[in-house]
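Topology and contacts: notes
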Amino acid sequence: MSKDKSQADRSVTKEVFPMKEIREALGMSQVKFAVAIGIDPGTVSRAERGLTEPVFTALQMKRLCRLTNKSIEEIPDYLGKDFSKHQLQR
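Note that the structure is predicted; figures quoted are calculated from it, not measured. (Residues numbered from 1 in each chain as written. Predicted model: local features only at pLDDT ≥ 70, side-chain atom pairs only at ≥ 80, totals over all residues. Heavy atoms only, no water.)

**Thoughts on the confidence of the model for the protein chain**
Selection rule: The quantity known as pLDDT measures the predictor's confidence residue by residue, on a range of 0 to 100. Helix and strand labels come from DSSP, where a helix needs a run of H or I of at least four residues and a strand needs a run of E of at least two; each type is numbered from the N terminus.
Per-residue confidence for the protein chain gives a mean pLDDT of 84; residues scoring 70 or more make up 76%. Mean pLDDT in the protein chain bottoms out at helix 1 (residues 3-10), which sits at 50, and peaks at helix 3 (residues 30-37), which reaches 98.

**Section: the packing of helix 2 (residues 18-26) against helix 4 (residues 41-48)**
Selection criterion: Note on geometry: axes are lines fitted to C-alpha atoms, helical ones only across the stretch in contact, with angles between N-to-C directions running from 0 to 180 degrees. Here, residues are in contact when the closest pair of their heavy atoms is within 4.5 Å. Residue type decides the class: Asp, Glu, Lys and Arg count as charged, Ala, Val, Leu, Ile, Met, Phe, Trp, Tyr, Cys and Pro as nonpolar, and the leftover types, Gly among them, as polar.
Two elements in contact, helix 2 and helix 4, have axes separated by 7 Å at closest approach and are oriented at 120°. Every residue of helix 4 that contacts helix 2 at Met19, Lys20 and Arg23 is listed here: Val44, Ala47 and Glu48. Split into classes, the residues belonging to the contact of helix 2 with helix 4 amount to three nonpolar, no polar and three charged.

**A closer look at helix 4**
In an α-helix, one full turn covers 3.6 residues, which means residues spaced three or four apart are oriented alike. What counts here: Only protein chains enter the accessibility calculation, which uses a 1.4 Å probe; a residue is then buried when its area is under 20% of its type maximum, exposed when over 50%, and partly exposed in between. Any pair of N or O atoms that falls within 3.5 Å is considered a polar contact. Within protein, one atom must be able to donate a hydrogen and the other to accept it, and sequence-neighbouring residues count only if both atoms are side-chain atoms.
Taken across its eight residues, helix 4 has six buried, putting it largely inside the fold. Packed against the buried residues of helix 4 are helix 2 and helix 3. If you check the start of helix 4, you find a side-chain oxygen 2.7 Å away from the backbone N of Gly42, and it comes from Asp40. Just downstream of helix 4, Gly50 is the residue with a positive phi angle, here 75°.

See below:
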């Protein structure tokens, strides 16, 4: 097996979660993004890594909509991990 092929076999496609895409499109750090919508920076970090799905108050969601200049309908249903896609099969 060639060296290039073995390296390609080891590469893993990394899932990018919507919160990270939104934040990066705004050109904001995790801390600035968190402060702007009124959440803890750790919440942003965990959502961006797909560890949790953030829960927002109505005020925080309004801030996110204003920050992104999007309506609530344009915001993805899941900003972190979509647990409905990852439930165990019984």
